[in-house]
Amino acid sequence: MAHRSSEEVSHRWEPTDPGEPPVERIAMVDRRIDIALAAALAALGVALIVLSGDIRAGSIPDPIGAGGMPRALGAFMVVAGVVLIARRLVSWRRNPGHLVPADGGTGDEPDYPSSAVRAFGMLAAAWGWAMLIPLVGYLTSSFLLAVVGIASMKVRSPWKLIVVPALFAAITWLLFNRLFGIPFPAGPIEQLGEEYIPSLE
Amino acid sequence: MLGQGLTSLAEGFQLLTDPIVLVMIFAGVVWGCICGVLPGTGSGVALGVAVPVTFTLEPVPAVAFLVTISVAVSYANGLPATVLGIPNAPPSVFTAIEGYALTKQGKGGLAIAHNWFSCVTGQLMSIPFFVVLIVPLSTLSYSFLAPEMFALYCLGMAALVSLTGKNILKGFAAAAVGFSIAFIGPDPVSNVPRFDFDVPELRVGLEIIPVVLGFVTVSEIIRGMRQVYSWDELVGPAGMVTKFPGFGVLRKSLRPIFTGSIIGTLVGAIPGLSGTAAAVMSYNQAKLTSKTPEQFGKGSVEGISSNESAQNASQAGEMVPTLGLGIPGSDSMVLVLGALLLQGFVPGPRLITESPELLYATVAGLLGTVFYLFLIGWPTAKLVLQVSRVDRRIVLPLALLMTLVGVYSLRRSVFDVFVLLICGVIGYFMLRYGYSIQAAGVAVILAGGFESNLRQGLLLEDSSLIGFATRPWTAVILSAALALIVYGTMATVRLVRRERRLAESGQLPVG
């Protein structure tokens, strides 16, 4: 993307009168997902109420009890979820599109395409890191996650894609394992490293 | 009490002779400055990535390190605002107006110098105010029993939710989500298991750090990974930082700096208000009392000084409720409290009275930051502005990896990493859709104390809710909490009306 000057991007902060602070641009979100989140909130509330019925009484009797707070909070969550859904539904017809102000939510930078798939793909890769680390060791799993993450951000330079992750994995291993003495699962590379690099702990 | 305050200052100074403390403060200044300059990488990510490093440190250097990062982020936020006109955080908006106006007039050096001088002087002035505020507060908590403690927890939650979010209902819903996660594990009063679903890892409850880091840090990183761009595309090239104008010129700003420091510390000490409110109040006060109010908006050095001194002093102010009452003064303080938990401290109103070394470490962190920023703040300004050239596409994945490694190294537990990621997903949606992740994080930390004090307080009052709520201090504090909720509700109503008005005028859709 071509370089943009600070003036061109200043619309992230909407201009107002001279001397007055600019106002941050309002983030827009999909109202269908907003409703789904409110429904999830209400469902969590129902679950809290139902499951708190299984909590057994403790040996110290108190007026609220071990299940009292979860029940009260569950009831609040149900009410809050329903109110939030109702608010969106009441104003549904006023707006033909599904994009609505996010009530203080954080939006994307304007003018740059965004991809939720990339964000969640990175989370899936992080989940994979946690599964892999006991099997292949810290260095290999961390190197792989860094490569996947950087590649997903559309970096194609071999230096940035291979050397930076390798250096990062090695430096963090030296820091946490050799310096701080925190044991990580060891693969073949770590075993080699442990043989030649003494722990400074 | 005066003696205790002086002791705190003396102990803080003495800690600065410890080489490890000095090294950690220096590392905090560098790391905080780097994160402060990068758009979207505020104190949440700066502290989130740094918290794992504190796992192996002693409590004193760890606290000093985290305090320093928070202050350095606040200083560095003003640099791109001054030179490039881009405020990385809301409190820097006025700095962007005044500083960038000066930069456009070819007086970038003057603007940066005032920014630097105001931060350093404002921070220095805020330290005695911080000690003066926190010592009596922590002493007062000795006379508080469970009902008063519960009221304090209520006040902290109400303040944070009412004042930081744009939709108070979503703010409380977010806090409820945090509470429901904290319910997992043994009941804090009777110790019976709750919501463990016969999963062994859940029987003792979830570790707080993975939950809070998931909400506050992972959510922000993965939100950032939605988009591919470079920071320098967003902020432009680092602007010109010309020669230092000299202390004679800077001395003229001492009045707005002094006033800004007082406002910043006092306002920052109110949970939920923090830097933005302090900066706005200080700027407006400086404008009202200035001999040259017509300069405001066109490149006023008084405007920069009042704004920067207030927002930096508010960092010390935020420590007052965080350490004095165990109630986080801002979102970044949530992570500081989480890190304290790791060090074996119990966040709550007796944090400082039972662990005074935390107060000394905080004073050392604040003093050390002033020392380093005084020495290297000016050249650092030049250097850190180059940081925006670092490839964001590499930094974000590595920041996530660093957070994963930190959480894993906590207990060598893959389960904790899964908790981190799940909370990251929940936090991502909350962040995008206006549910306060800070409120959720605070709720996770404070839930145990909140519930146990309520229930034990009722036992103390023979199950009488009226007796509980009409204890003098409890009534006063609960009334303040209620007032904040009313204020927050009115703000939400105003927001809805404003959106509707904009929608009716065709400027904004409403749904």
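**A few points about the packing of helix α5 (residues 138-152) of chain A against helix α6 (residues 158-179) of chain A**
All names here are of chain A. The interhelical angle for the contact between α5 and α6, taken along N-to-C directions, is 140 degrees, at an axis separation of 8 Å. By the angle class used here, α5 and α6 are oblique. Two packed elements cross with a definite hand, and for α5 against α6 that hand is right-handed. When α5 is examined against α6, the residues Tyr138, Leu139, Ser142, Phe143, Ala146, Val147, Ile150 and Ala151 are found in contact with a partner set consisting of Lys160, Leu161, Ile162, Pro165, Ala166, Ala169, Ala170, Thr172 and Trp173. Considered class by class, the residues forming the contact of α5 with α6 number 14 nonpolar, two polar and one charged.

**Side note on the interface of chain A and chain B**
The partner chain B presents 91 residues to the 100 residues of chain A that form the contact. At the junction of chain A and chain B, the tally comes to two salt bridges. Here B:Arg455 and A:Asp62 are joined by a salt bridge, their closest N and O atoms 3.0 Å apart. Remark: the boundary between chain A and chain B carries seven residue pairs in polar contact (both at pLDDT 80 or more). Only α1 (6-9), β3 (28-30), α2 (31-52), α3 (68-90), β4 (99-101), α4 (116-136), α5 and α6 of chain A provide two or more residues apiece to the side of chain A that touches chain B. In terms of residue count, α4(A) provides more of the side of chain A that touches chain B than any other element does, 13 residues in total. A class-by-class count of the residues in the side of chain A that touches chain B yields 63 nonpolar, 19 polar and 18 charged.

**A few points about the nonpolar core**
In globular proteins that are soluble, nonpolar side chains generally tend to be buried together. Counting residues in each nonpolar core, the largest one holds 191 residues, and the members touching the most others are A:Trp129, B:Phe130, B:Phe215, B:Leu404 and B:Tyr435. The greatest single-element share of this core, amounting to 15 residues, is contributed by helix α4 (residues 59-84) of chain B. The contact partners of B:Phe130, leaving out residues within four places of it in the chain, are B:Thr265, B:Ala316, B:Met319, B:Val320, B:Leu323, B:Leu359, B:Thr362, B:Val363 and B:Leu366. In this structure, B:Phe94, B:Tyr283, B:Ala286 and B:Phe296 belong to the second largest nonpolar core, which totals six residues.

**Regarding the packing of aromatic side chains**
The tally for this structure, following the rule as stated, stands at 17 aromatic pairs over all chains. Taken together, a centroid distance of 4.4 Å and an interplanar angle of 10 degrees make the contact between A:Tyr138 and A:Phe184 stacked. Note that A:Tyr138 is positioned in helix α5 and A:Phe184 in the loop between α6 and α7 (188-196), a separation of 46 residues in sequence. The pair A:Tyr138 / A:Phe184 is uniform in exposure class, with both members buried. Ring centres of B:Tyr428 and B:Phe429 lie 5.2 Å apart, and the angle between their planes is 80 degrees; this geometry places the pair in the edge-to-face category. For B:Tyr428, a relative accessible area of 3% corresponds to the buried category. These aromatic residues form a ring-pair network of at least three members: A:Trp129, A:Tyr138, A:Phe176, A:Phe184 and B:Tyr408.

**Details of helix α21 (residues 437-460) of chain B**
Residue pairs three or four apart in sequence face the same way in an α-helix, which turns once every 3.6 residues. Residue and element names in this part refer to chain B. With 24 residues, α21 ought to run about 34 Å at 1.5 Å a step, and its terminal C-alpha atoms sit 34 Å apart, in line with that. When the local axis directions of α21 are compared, the greatest deviation, roughly 55 degrees, occurs at Leu446. The N-cap of α21, judged by a side-chain oxygen 2.9 Å from the amide nitrogen of Ala439 a few residues on, is Ser436. Of the residues flanking the end of α21, it is Asp462, one or two places downstream, whose phi is positive at about 55 degrees.

The rules behind these values
Residues numbered from 1 in each chain as written. Chains lettered and ligands numbered in written order. Predicted model: local features only at pLDDT ≥ 70, side-chain atom pairs only at ≥ 80, totals over all residues. Heavy atoms only, no water. Axes fitted to C-alpha atoms, helices over the stretch in contact; angles between N-to-C directions. Helix = DSSP H or I, 4+ residues; strand = E, 2+ residues; numbered from the N terminus. Parallel < 35°, antiparallel > 145°, perpendicular 65-115°, else oblique. Left-handed = near helix turned anticlockwise from the far one by under 90°. Contact = heavy atoms within 4.5 Å. Nonpolar A, V, L, I, M, F, W, Y, C, P; charged D, E, K, R; others polar. Salt bridge = Lys/Arg side-chain N within 4 Å of Asp/Glu carboxyl O. Polar contact = N/O pair within 3.5 Å; in protein donor to acceptor, adjacent residues only side chain to side chain. Core = buried A, V, L, I, M, F, W, Y, C linked by side-chain atoms within 4.5 Å. Buried < 20%, exposed > 50% of the residue type's maximum accessible area, 1.4 Å probe, protein only. Phe/Tyr/Trp six-rings, centres within 6.5 Å; stacked < 30°, edge-to-face > 60°. Expected span 1.5 Å × (residues − 1). Bend = angle between axes of the 7 residues up to and from the residue.

Function cannot be inferred from these measures alone, as they are strictly geometric.
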